[in-house]
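Fold and contact review
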Amino acid sequence: MKDRILVTGGTGYIGSHTVVELQQAGYEVVIVDNLSNSSADVVDNIEAVSGIRPAFEKLDCLDFAGLDGVFAKYPGIKAIIHFAASKAVGESVQKPLLYYRNNIVSLINLLELMPKYHVQGIVFSSSCTVYGQPDKLPVTEEAPIKKAESPYGNTKQINEEIIRDTVASGAPISAILLRYFNPIGAHPSALLGELPNGVPQNLVPYIVQTAIGIREKLSIFGNDYHTPDGTCIRDYINVVDLAKAHVVAISRILEQKQKEKVEVFNIGTGHGLSVLQLVHAFEKATGVKLNYQMAPRRAGDIEQVWADPTLANQKLGWKAETSIEDTLLSAWKWQLRLREKGIQ
Ligand code: UFG
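Basis of the calculations
Residues numbered from 1 in each chain as written. Predicted model: local features only at pLDDT ≥ 70, side-chain atom pairs only at ≥ 80, totals over all residues. Heavy atoms only, no water. Pairing = 2+ DSSP bridges. Helix = DSSP H or I, 4+ residues; strand = E, 2+ residues; numbered from the N terminus. Axes fitted to C-alpha atoms, helices over the stretch in contact; angles between N-to-C directions. Contact = heavy atoms within 4.5 Å. pLDDT = per-residue confidence, 0-100. Salt bridge = Lys/Arg side-chain N within 4 Å of Asp/Glu carboxyl O. Phe/Tyr/Trp six-rings, centres within 6.5 Å; stacked < 30°, edge-to-face > 60°. Buried < 20%, exposed > 50% of the residue type's maximum accessible area, 1.4 Å probe, protein only. Lys NZ or Arg CZ within 6 Å of the ring centre and 35° of its normal.

In sheet architecture, strand pairing relies on hydrogen bonds along the backbone and comes in two forms, parallel and antiparallel. Judged by pairing direction, the sheet is parallel, and its seven strands sit side by side in the order β3-β2-β1-β4-β5-β6-β11 without closing on themselves. The open sheet has two edge strands with one neighbour each: β3 (55-58) and β11 (262-267). Averaged over all adjacent pairs, the angle separating strand axes in this sheet is 20°, with direction ignored. Where strand β1 (residues 4-8) and strand β2 (residues 28-33) come together, five bridges link them in parallel fashion. Looking at β2, one finds that R4 is bridged to E28. The sheet contacts of helix α8 (residues 239-254) involve β1, β4 (77-82), β5 (121-127), β6 (174-180) and β11, and relative to β6 the element is tilted by about 165°.

This part takes up the confidence of the model for the chain. On average, residues of the chain score 97 in pLDDT, and 100% of them are at 70 or above. Here helix α4 (residues 89-94) stands out as the least confident element of the chain, with mean pLDDT 94; β1 is the most confident, with 99.

Let's shift gears to the pattern of salt bridges. Tallied over the full model, the rule gives 17 salt bridges. Among the salt bridges present, the one from E57 reaches K73, with a minimum N-O distance of 2.7 Å. With a gap of 16 residues between them, E57 in strand β3 and K73 in helix α3 (residues 64-73) connect regions that are remote in the sequence. Of the charged contacts, one joins K146 and D135 as a salt bridge, the two residues approaching to 3.2 Å between their closest N and O atoms. Within this pair, whereas K146 is found in the loop between β5 and α6 (151-168), its partner D135 is found in the loop between β5 and α6, the two being separated by 11 residues in sequence.

The next point concerns the packing of aromatic side chains. In the structure shown here, the tally under the stated rule is three aromatic pairs. Plain terms: the ring middles of F71 and Y117 are 5.3 Å apart, the flat faces sit at 15° to each other, and that makes the pair stacked. Linking F71 in helix α3 with Y117 in the loop between α5 (96-116) and β5, this pair joins segments that are 46 residues apart in sequence. The buried category is assigned to F71, whose relative accessible area is 2%. When the ring centre of Y225 is taken as origin, the NZ or CZ atom of R297, which lies over that ring, is 3.9 Å away.

Right, here's the structure in full:
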């Protein structure tokens, strides 16, 4: 029998790509998603890519009784990947309580239910945001956690602590915390990708919408940083590569290969790219000229961060593989498909 995995937020951007990779690796997936930032069509698209329709329950992870019902309906769930969360940094500053409630109570509900249903472990979506501006680059998992810049970032830190405290209390579960750097791109089939709500806040969605003419011009936020070309540096990780990291994390939990009951891994490429370098890579990969201008710095931005992914490379046996050009091309093909379907 296939091992059954619960994926919360499984119709979202990273979640949907991960569901496909899990299915292709032979797992059976149950998705829970409240569709607050995604649509039910994603389930059809997952099926179109993998040939397998995942079980889908429209449910908010804040609904404890509802979640209990999902575990009862799908017996034998072995592990959870918990993506479901609110993720807009700016919105979290405006609506902190919404973010604290959504992101923290959802995790608590899952952790409370895991022992009851003998769920072995949880993979948690964390973020390099926990490092703030690191003192040393590339940043390793040993780097100190810095005070969060936003309620969103704080929920990631608090959730990491909640998981550690729960495991330390003797709960019969284990956990892998994956600290993502900047996920970008789309599935090569162009059937799955990121669907931003309204004006995109993130760089690549803004670039592709500018390239296709939905936005007039990209504003590059700040060119007076202490970096070679003055623009901020990030570690852009292909979303399918990122999805694969979850599959190896799940097998590590199920095969009980963990050295400690809570492990943490940076999931990045190990290479930093500036905003300008990314724009030029997009132009090169797609042949599309991008309209952009320099603009003032954006409040709260970190100057530069990129991962030391050695631990994930060695312990998980995972490595980012896709080139930045292929990744940006996949984002562009996804945008072209959205246009074809009249979505955006
Ligand atoms: N940027 C622009 N113009 C834009 C959008 C972004 O110049 O229109 C710049 C930003 O200033 C930044 C870089 O592009 O220098 C990347 O910005 P993103 O918003 O794409 O990504 P961030 O690094 O700011 O944030 C991402 C996630 C957050 C997460 C954070 C740290 O969106 O959820 O990484 O992990 F918290």
